[in-house]
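Each chain, written out:
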Amino acid sequence: FNYQGMFKYTAYLFNHPLEDMSHGWVVPFVSLFAMWKQRRELWSAKGLPNWIGAVFVAFFLAVAWFGGRGEQTRIGQVSLIGLVWAIPYAFWGSGVERLMRFPAAYLLFTIPLSSLTSSVTIHLRLASVVMATGILNGFGMAVERSGTALFSHIPGSTFNVDVADPCSGIRSLFAMMTLMAAYAYFTQQ
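I will try to describe carefully the structure that is included in this document. Since this is a predicted model, take the numbers as computed values, not measurements. (Residues numbered from 1 in each chain as written. Predicted model: local features only at pLDDT ≥ 70, side-chain atom pairs only at ≥ 80, totals over all residues. Heavy atoms only, no water.)

Moving on, we get to the overall build of the protein chain. Within the protein chain, the secondary structure is distributed over eight helices and three strands. For the protein chain, the α and β elements follow one another from N to C terminus as α-α-α-α-α-α-α-β-β-β-α. Taking 189 residues into account, the globule formula puts the C-alpha radius of gyration at 16 Å, and the protein chain, at 22 Å, lies well above it. Its C-alpha atoms put the protein chain at 75 × 40 × 25 Å along the principal axes. When the 189 residues of the protein chain are sorted by exposure, 35% land in the buried category. Counting only contacts in the protein chain whose residues sit at least 6 apart along the sequence, the fraction spanning at least 24 positions is 65%. Looking at the protein chain as shown, the accessible area adds up to about 11700 Å², and 69% of this sits on carbon and sulfur atoms. Measuring between centres, the 12 positive side-chain charges of the protein chain sit 14 Å from its 8 negative side-chain charges. (Helix = DSSP H or I, 4+ residues; strand = E, 2+ residues; numbered from the N terminus. Rg over C-alpha atoms; globule rule 2.2 N^0.38 Å. Buried < 20%, exposed > 50% of the residue type's maximum accessible area, 1.4 Å probe, protein only. Contact = heavy atoms within 4.5 Å. Areas by Shrake-Rupley, 256 points an atom, 1.4 Å probe, with all protein chains shown as cover. Lys, Arg positive; Asp, Glu negative; His and termini not counted. Charge placed at Lys NZ, Arg CZ, Asp CG, Glu CD.)

Right, here's the structure in full:
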């Protein structure tokens, strides 16, 4: 019941074109496949209940309560992901906990980046503009940089370009990291 609003809002963000989070629909299935693939190891790693896992369950339930009360979907997502890891840890011990690390951590790729982009992407945007200025000036175009904007003062071909938040590449980088993490987990020892 506590996660109902979080699921609806997350589904909305996965479908929203400005979020670029359509890869989020695949992430839970990859996580489930990772658990299914190691089902024999999970079964054989079952041990006694662990009180440390129970403490983590209580912690993530408190986080879920605070996230639900404040209607903070990202906090709700973190608590759900934590519970995916902590509940098996509490019931079956540290052997299962070790095997649940990747399936639970992989679910972090479902958390939308929209609130983080402005603080993180400014550096990517600046790097893009600095490289573009160097390349364009190297080809003989007189280009000046001001912050994340490029200005050309060539007579007859003036232009002004500003590198905005969506152009930083962080969303594409995040989607590629999602794919590469799954690829690395399933193919590398």
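Next comes the rest of the account.
Further remarks concern the sheet that holds strand 1 (residues 143–146). Strand pairing in a sheet takes place through backbone hydrogen bonds and is either antiparallel or parallel in direction. Ordered by their spatial adjacency, three strands build an open sheet running 1-2-3, and the pairing between neighbours is antiparallel. Each end of this open sheet is capped by a strand with a single partner; those strands are strand 1 and strand 3 (159–162). For this sheet, the mean angle separating the axes of adjacent strands, direction not counted, is 20°. (Pairing = 2+ DSSP bridges. Axes fitted to C-alpha atoms, helices over the stretch in contact; angles between N-to-C directions.)

Let us now look at helix 4 (residues 51–69). The end-to-end C-alpha distance of helix 4, which contains 19 residues, comes to 27 Å, matching closely the 27 Å that a straight helix rising 1.5 Å per residue would cover. Listed as buried for helix 4 are G53, V57, F60, V63, A64 and G67. End-on view of helix 4: buried residues confined to an arc of 125°, all on one side of the axis. In this structure, helix 4 carries W51, F66 and R69 as exposed residues pointing more than 90 degrees from its buried face. On its buried side, helix 4 packs onto helix 5 (73–92). Capping the start of helix 4 is the job of one residue whose side-chain oxygen sits 2.8 Å from the backbone nitrogen of I52: N50. E71 lies just past helix 4 and shows a positive phi near 50°. (Expected span 1.5 Å × (residues − 1). Arc of directions from axis to C-beta. Polar contact = N/O pair within 3.5 Å; in protein donor to acceptor, adjacent residues only side chain to side chain.)

To continue, consider the packing of helix 2 (residues 27–37) against helix 8 (residues 170–187). One can describe the packing of helix 2 onto helix 8 by two numbers: an axis separation of 11 Å at closest approach and a directional angle of 10°. By the angle class used here, helix 2 and helix 8 are roughly parallel. In this structure, helix 2 uses V27, V30, F33, A34 and K37 to contact helix 8, whose residues at the interface are T178, A182, Y185 and F186. The class makeup of the residues in the contact of helix 2 with helix 8 is seven nonpolar, one polar and one charged. (Parallel < 35°, antiparallel > 145°, perpendicular 65-115°, else oblique. Nonpolar A, V, L, I, M, F, W, Y, C, P; charged D, E, K, R; others polar.)

Let us look at the packing of aromatic side chains. One pass over the structure, following the stated rule, counts 15 aromatic pairs. Aromatic pair W85 and Y89: ring centres 5.4 Å apart, planes at 50°, arrangement tilted. Here Y89 and W85 lie together in helix 5, a separation of four residues that amounts to about one turn. Each of the two residues, W85 as well as Y89, counts as buried. Between F91 and W92, the ring centres sit 5.8 Å apart and the planes meet at 50°, which makes this aromatic pair tilted. One aromatic cluster in this structure is built from F33, W36, F102, Y106, F109, Y185 and F186. We note R39 situated over the ring of W36; from NZ or CZ to the ring centre the distance is 4.1 Å. (Phe/Tyr/Trp six-rings, centres within 6.5 Å; stacked < 30°, edge-to-face > 60°. Lys NZ or Arg CZ within 6 Å of the ring centre and 35° of its normal.)

When strand 1 meets strand 2 (residues 149–152), the two strands line up antiparallel, connected through four bridges. Bridging from a neighbouring strand, R145 pairs with L150 of strand 2. Between strand 1 and strand 2, which follow one another and run antiparallel, lie two residues, and G147 among them has a positive phi close to 65°. Looking at chain direction, strand 2 and strand 3 are connected through four bridges and run antiparallel. Counted as the bridge partner of F151 is N160 from strand 3.

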